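Per-entry structural report
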Protein chains: 2
Amino acid sequence: MTNSAHSSDEPCPVARSIGVIGDRWSLLIVRDAFDGIHRFSDFQRSLGVARNILADRLRRLVEAGILVARPTREGGAYQEYVLTEAGKNLFPVVLALRQWGERQLFTPGEPHSELIETKTGKPVQRMVPRNEDGEVLLPDDTKVRKLS
Amino acid sequence: MTNSAHSSDEPCPVARSIGVIGDRWSLLIVRDAFDGIHRFSDFQRSLGVARNILADRLRRLVEAGILVARPTREGGAYQEYVLTEAGKNLFPVVLALRQWGERQLFTPGEPHSELIETKTGKPVQRMVPRNEDGEVLLPDDTKVRKLS
């Protein structure tokens, strides 16, 4: 996989991820890509972002190996942007953001979009950190082992 | 819980979350707070961020109900910043960022910090989206049901 961040000397994986996608527009573009948006003009319509910023963020996401740019099926001059495997692996990140938002940023009963399993129409389970035995872990149950 | 984002009319929980914490410094501050950093000077030392930016982001995180500012135990003029319940509920977001970084942004064998269960010293399980029956869901198994 193409990956421009390998050269980073940042030993914290959280910080390295944030360095690559910890930006409002990049995260929103990735969300839209999961929702099936692929074209520059459609991202622009969805996000209401300036063309130069959108072009910059798309270029960075391609460089980071999260999106790949390819000609559209119909051919012509247009490109479309599609999640790579590394990009699809951001699914838990986007889902965690969704689930935190649902829990913390909506009043009870306030309507919001929902992520459902297509086959059953049922909501996706809430993701919870667990230990190797499957027991739920709270933040205070864990610690970061830094490099010595 | 204090929550300044309730006034948003954004119906997508992902976007609403990104509006509150989708910023490099905000995410890094939250990561540091999970790691036990509480004081302005310690955040500054950890992040190498300009004082005015750090002050701005801390203020926003307090306004969003993610951090609370309180006097330090020793008293005096200093404040410390501590995660609220809403802030602690960001644990899956930070963990998802960590796990994506570990998987995608390090070469095999490249050393990085690890999140472990304190009690056992064992790594935390990888979080995976699942349906209500516990079956693993890939992005293509799901869709967003928008508000009608």
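Quick notes on the rules
- Residues numbered from 1 in each chain as written.
- Chains lettered and ligands numbered in written order.
- Predicted model: local features only at pLDDT ≥ 70, side-chain atom pairs only at ≥ 80, totals over all residues.
- Heavy atoms only, no water.
- Contact = heavy atoms within 4.5 Å.
- Buried area = accessible area lost by both parts, 1.4 Å probe.
- Salt bridge = Lys/Arg side-chain N within 4 Å of Asp/Glu carboxyl O.
- Core = buried A, V, L, I, M, F, W, Y, C linked by side-chain atoms within 4.5 Å.
- Buried < 20%, exposed > 50% of the residue type's maximum accessible area, 1.4 Å probe, protein only.
- Least-squares fit on C-alpha atoms with pLDDT ≥ 70 in both.
- pLDDT = per-residue confidence, 0-100.
- Helix = DSSP H or I, 4+ residues; strand = E, 2+ residues; numbered from the N terminus.
- Axes fitted to C-alpha atoms, helices over the stretch in contact; angles between N-to-C directions.
- Parallel < 35°, antiparallel > 145°, perpendicular 65-115°, else oblique.
- Nonpolar A, V, L, I, M, F, W, Y, C, P; charged D, E, K, R; others polar.
- Arc of directions from axis to C-beta.
- Polar contact = N/O pair within 3.5 Å; in protein donor to acceptor, adjacent residues only side chain to side chain.

**Observations regarding the interface of chain A and chain B**
- The partner chain B presents 79 residues to the 78 residues of chain A that form the contact.
- Both faces considered, chain A and chain B share a buried interface measuring about 7,500 Å² in area, 62% of it formed by carbon and sulfur atoms.
- Of all residues in chain A, Trp100(A), Leu105(A) and Arg145(A) bury the most surface against chain B, accounting for 10% of the area lost on that side.
- One can count six salt bridges joining chain A with chain B.

**Side note on the nonpolar core**
- Ile21(A), Ile66(A), Ile21(B) and Ile66(B) are the most contacted members of the largest nonpolar core, which totals 77 residues.
- Each residue touching Ile21(B), except ones within four places of it in the same chain, is listed here: Leu97(A), Trp100(A), Ser26(B), Leu27(B), Leu61(B), Ile66(B), Leu90(B) and Val93(B).

**Details of the relation of the copies chain A and chain B**
- Rotating chain A by 180 degrees and translating it 0.0 Å along the rotation axis places it on chain B, where the RMSD comes to 0.0 Å. What we have between these two chains is a two-fold relation. The position closest to the rotation axis in chain A is occupied by the C-alpha of Asp23(A), lying 2.5 Å away.
- Here 100% of the interface residues in chain A have copies in chain B that are interface residues too; the copies meet face to matching face.

**Digging into the confidence of the model for chain A**
Residue and element names in this part refer to chain A.
- Summarising the model, chain A shows a mean pLDDT of 92, and 94% of its residues fall at 70 or more.
- Throughout residues 1–7 the model reports pLDDT below 50, and contacts reaching past four residues in sequence, or to other chains, amount to 19 contacts.
- Across the whole predicted complex the pTM is 0.93, and at the interface the ipTM reaches 0.93.

**Here's the deal with the side chain of Arg31(B)**
- Looking at the secondary structure, you find Arg31(B) in helix H2 (residues 24–34).
- Looking at Arg31(B), the relative accessible area reads 11%, which means it is buried.

**Re the packing of helix H1 (residues 13–21) of chain A against helix H6 (residues 91–104) of chain B**
- Where H1(A) contacts H6(B), the axes come no closer than 7 Å and their chain directions differ by 90 degrees. With respect to H6(B), the axis of H1(A) lies roughly perpendicular. Seen from H1(A), the contacting residues are Pro13(A), Val14(A), Ser17(A), Ile18(A), Val20(A) and Ile21(A); seen from H6(B), they are Val94(B), Leu97(B), Arg98(B), Trp100(B), Gly101(B) and Glu102(B).
- For the contact of H1(A) with H6(B), the residue count by class is eight nonpolar, two polar and two charged.

**Concerning helix H3 (residues 40–47) of chain A**
Residues and elements named next belong to chain A.
- Among the residues of H3, those classed as buried are Phe40, Phe43 and Leu47. The buried residues of H3 occupy one face: seen down the axis, they fall within an arc of 65 degrees.
- Close packing links the buried residues of H3 with helix H2 (24–34), helix H4 (51–63) and strand S2 (79–83).

**Some details on the environment of Arg60(B)**
Residue and element names in this part refer to chain B.
- With respect to the secondary-structure elements, Arg60 resides in helix H4 (residues 51–63).
- For the pair Arg60 and Ser41, spaced 19 residues apart in the sequence, the C-alpha separation amounts to 17 Å.
- A polar contact of 2.8 Å, which involves the side chain of Arg60, links it to the side chain of Asp56.

**Focus on the pattern of salt bridges**
All names here are of chain A.
- Under the definition given, this model contains 24 salt bridges over all chains.
- Ionic pairing is found between Asp23 and Arg57, a salt bridge with its closest N-O pair at 2.9 Å. Residue Asp23 is located in the loop between H1 and H2, and its partner Arg57 is located in helix H4; the two are separated by 34 residues in the primary sequence. As far as the burial class goes, Asp23 and Arg57 line up, both buried.

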